[in-house]
Amino acid sequence: MLKADSGKLKADFRNIWVVAELENGEVNPVSHETGGRGRGLADTRSSELWIIAAGNLKNIDDLADEFFYADRILIINDERLTGFNDETESELIRRLIEKYRPETVIYSATARGRSIAPRIAVLSDAGLTADCTSLDIEDTTGNLLQTRPAFGGNILATIKSENHRPQMATVRPGVMKNHIRDRKDYQGRKPLFINESLNSLESSLLKNILSVNRSSGIVHSIADSELIISGGRGLGCGEAFRSLDKFAKMTGGAIAASRGAVDAGWVPYSLQIGQTGQTVQARCYIACGISGQIQHLVGMQSCELIIAINRDPEAPMMKIADVAVTGDAVDIVERMSEIMERGMHDF
Amino acid sequence: MKIVVCIKQVPAGNSASIDPETKRLKREGVESVINPYDSYALEEGLILREKLGGELIVLSMGPLKAEKILRDSLALSADRAILLNDRSFAGSDTWATSYILSKAVEKIGGVNLVICGKQAIDGDTAQVGPGIAAHLNWRQATYVSNLEAEEDGRLIAERMDEKGSDRIVLETPSVITVVKDINNPRLKTIKGILEARKKDIEIWNSESIGSDPDLTGLDGSPTRVVKTSLPPARESMVLKFEGDAVYVSGKIIDFLKEKEIIR
């Protein structure tokens, strides 16, 4: 909101804000990725974690239960806030920033977060870093250290916004899975509620939303899968994804793809893993016919276990994998499905 | 309708490197192309102008070398091409860049719609489009996958997000950012290329657009890159399974069971 050159001005801004992503009053789980990290940052600064919840909220008590680890929950409960209203939300958050002066404001780097946060950053004269994969804070100055991959994932850049408050960041979904699940530390504490409402300017900016379609989005929920079977150009043809899909369905896994397979038109972009697709942190990632270019690796190398199946034993993916299997991926995956089928019949 | 399409030159492929001093992208000696998403923005501008009439202006901020992508846009029949080039613009982050572009849109005057690609493939921030909208205090629609001009003159935009899409009435003036699904960009024709040679690329500086030097360049940018590092190398077990498909498939299944990934 202002160029906070002097230390005195900067001291006016305190607390960590995490803006929750809500749809139809429900909290998107990505909000706990940012929420969990926000808690850590607030603890480092000995300040408060505020959750900002603007939407058509059904049960406010549920929010306190869901965000048990927050110090305060700032609520803007309005039935008109059902859809994706860039202008209304930006103007609202801008006004609340001016009123409550948070030191840091964090959004999830979802389509909404990536659309609304830059608008607020301009309106509030704040620095904003997109798609962070790690966030730290200097305990004395409160400067946020925002790290994100740059140049196709070849390097990590750490970005600061020393002279402006608040400092803003969007966080890439799937990289900060440190949800706070243990309630023990928060027993006897309850987040305090603060209520705010839309003013007339903000209401006048609501969008005229004609219809909403919830079937074919940019991205499905690969990010939530424990087991991912991913295919690349090395599979040779789009048909091969049927074999991957069969194994995925039998094991409760999900299929995904490299950019090569998406660009070849074999599978939709929504399945793409990597720098220009999704980032995943599954327990196991099976890379079938994926050579392993750096742009793909940045999207999946944080998976716990990586199995690479490739005809080329020298492929980069084979070097970083926990298990490297030389051979025809389609043949091998089909046989894995057969074993699973036999296993089922044994019961 | 007066349409501005913002385009950016980006390094082709992965040939980018970093300036050790500014810690920003080094653009010298690297082949440049139009940001792929911006070609969808340009195509959508051309389609709209064909339907509704009016003027299409292509706008880019960058080094003089960026004339090439502007010249290519003229070959695709853009009416005007403007390059924003000034020493004071160098090192701008997304806040300052969107400020500069918004000042140019104001200077052009009478603009109804600004179209951008959803993000640039070098920075990947997706922040400049909404930033321009905010500086202009205009409305915005991001991740637009379809745009229809109704007979009553209304524009209907379809926007995508992770879970699906919605359809909204797009009030003008507006800034939109578009995804690949929106159209199929056309190719240049010889005739277009020849005609583009006759047109001039306008070069505007800070004075032309009236930008405040305190709000542009490194000094005007709220964010600063303070450190760059290599991503940490992954520690892996490096097991190798070798043999025929029957054997290795069994080994993989056993491994998945041992690690309790599958039952």
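Further up the page is the structure itself.
Now for a look at the structure at hand.

Conventions we followed
Residues numbered from 1 in each chain as written. Chains lettered and ligands numbered in written order. Predicted model: local features only at pLDDT ≥ 70, side-chain atom pairs only at ≥ 80, totals over all residues. Heavy atoms only, no water. Contact = heavy atoms within 4.5 Å. Buried area = accessible area lost by both parts, 1.4 Å probe. Salt bridge = Lys/Arg side-chain N within 4 Å of Asp/Glu carboxyl O. Polar contact = N/O pair within 3.5 Å; in protein donor to acceptor, adjacent residues only side chain to side chain. Helix = DSSP H or I, 4+ residues; strand = E, 2+ residues; numbered from the N terminus. Pairing = 2+ DSSP bridges. Expected span 1.5 Å × (residues − 1). Buried < 20%, exposed > 50% of the residue type's maximum accessible area, 1.4 Å probe, protein only. Axes fitted to C-alpha atoms, helices over the stretch in contact; angles between N-to-C directions. Parallel < 35°, antiparallel > 145°, perpendicular 65-115°, else oblique. Left-handed = near helix turned anticlockwise from the far one by under 90°. Nonpolar A, V, L, I, M, F, W, Y, C, P; charged D, E, K, R; others polar. Phe/Tyr/Trp six-rings, centres within 6.5 Å; stacked < 30°, edge-to-face > 60°. Lys NZ or Arg CZ within 6 Å of the ring centre and 35° of its normal. Core = buried A, V, L, I, M, F, W, Y, C linked by side-chain atoms within 4.5 Å.

Here the focus is the interface of chain B and chain A. By a frequent convention, interface size equals the accessible area lost on bringing the separate parts together. With 74 residues of chain B in contact, the opposing surface of chain A contributes 84 residues. When the buried surface of chain B facing chain A is broken down by residue, Glu162(B), Lys163(B) and Arg234(B) rank first, second and third, together holding 11% of it. The interface formed by chain B and chain A includes 3 salt bridges. For the salt bridge of Asp86(A) with Arg159(B), the shortest nitrogen-to-oxygen distance reads 3.0 Å. The tally of links between chain B and chain A comes to 35 residue pairs in polar contact (both at pLDDT 80 or more). Elements represented by at least two residues in the side of chain B that touches chain A include exactly helix H3 (94-108), helix H4 (128-136), strand E9 (139-149), strand E10 (155-161), strand E11 (164-170), strand E14 (224-229), strand E15 (239-241) and helix H7 (245-258) of chain B. No other element matches the 9 residues that H7(B) contributes to the side of chain B that touches chain A. With 3 bridges joining them, strand E20 (residues 323-326) of chain A and E15(B) adopt parallel strand pairing. What sits directly across from Ala324(A), in E15(B), is Lys240(B).

Right, let's get into H7(B). Given a rise of 1.5 Å per residue, 14 residues ought to cover 20 Å, and the 20 Å separating the end C-alpha atoms of H7(B) matches this to within 8%. Along H7(B), the residues that are buried comprise Ala245(B), Val248(B), Ser249(B), Gly250(B), Ile252(B), Ile253(B), Phe255(B) and Leu256(B).

Time to look at the sheet that holds E14(B). In a beta sheet, neighbouring strands are held together by backbone hydrogen bonds and run either parallel or antiparallel to one another. The antiparallel open sheet is built from 4 strands, whose spatial order is E9(A)-E10(A)-E11(A)-E14(B). Strands at the two margins of the open sheet, each flanked by one partner only, are strand E9 (134-137) of chain A together with E14 of chain B. In this sheet, neighbouring strand axes are inclined to one another by 25 degrees on average, regardless of whether the strands run parallel or antiparallel. Relative to strand E11 (residues 155-160) of chain A, strand E10 (residues 144-150) of chain A runs antiparallel, the two sharing 5 bridges.

Residues and elements named next belong to chain B. Contact geometry of helix H2 (residues 67-75) with helix H5 (residues 190-198) gives a least axis separation of 7 Å together with a crossing angle of 120 degrees. By the angle between their directions, the pair H2 and H5 is classed as oblique. The two elements H2 and H5 cross, and the hand of that crossing is right-handed. Touching Arg71, Leu74 and Ala75 of H2 are Gly192, Ile193, Ala196 and Arg197, all from H5. By residue class, the composition of the contact of H2 with H5 is 4 nonpolar, 1 polar and 2 charged.

With that out of the way, let us pick up the packing of aromatic side chains. Evaluation of the coordinates by the stated rule reveals 8 aromatic pairs over all chains. Ring geometry for Phe68(A) versus Tyr186(A): centroids 5.7 Å apart, planes at 70 degrees, classification edge-to-face. Of this pair, Phe68(A) sits in the loop between helix H3 (60-66) and strand E6 (72-77) while Tyr186(A) sits in the loop between strand E13 (167-171) and strand E14 (192-196), and the two are 118 residues apart along the sequence. Judged by relative accessible area, which is 11%, Tyr186(A) ranks as buried. Taken together, the aromatic side chains of Phe67(A), Phe68(A), Tyr69(A) and Tyr186(A) make up a single cluster linked through ring pairs. For Arg159(B), the ring lying beneath its charged end belongs to Phe84(A), and the centroid distance is 4.3 Å.

Phe247(A), Tyr285(A), Ile286(A), Ile307(A), Ile309(A) and Leu256(B) are the most contacted members of the largest nonpolar core, which has 60 residues in total. If one sorts the elements of this core by residue count, helix H11 (residues 329-345) of chain A sits on top with 7 residues. Setting aside residues no more than four positions away along its own chain, Leu256(B) makes contact with Phe247(A), Cys284(A), Ile286(A), Ile307(A), Met336(A), Ile261(B) and Ile262(B). Formed by 33 residues, the second largest nonpolar core is a distinct cluster that contains Leu56(B), Ala66(B), Ala78(B) and Ala196(B).

In short, geometric facts, not functional conclusions.
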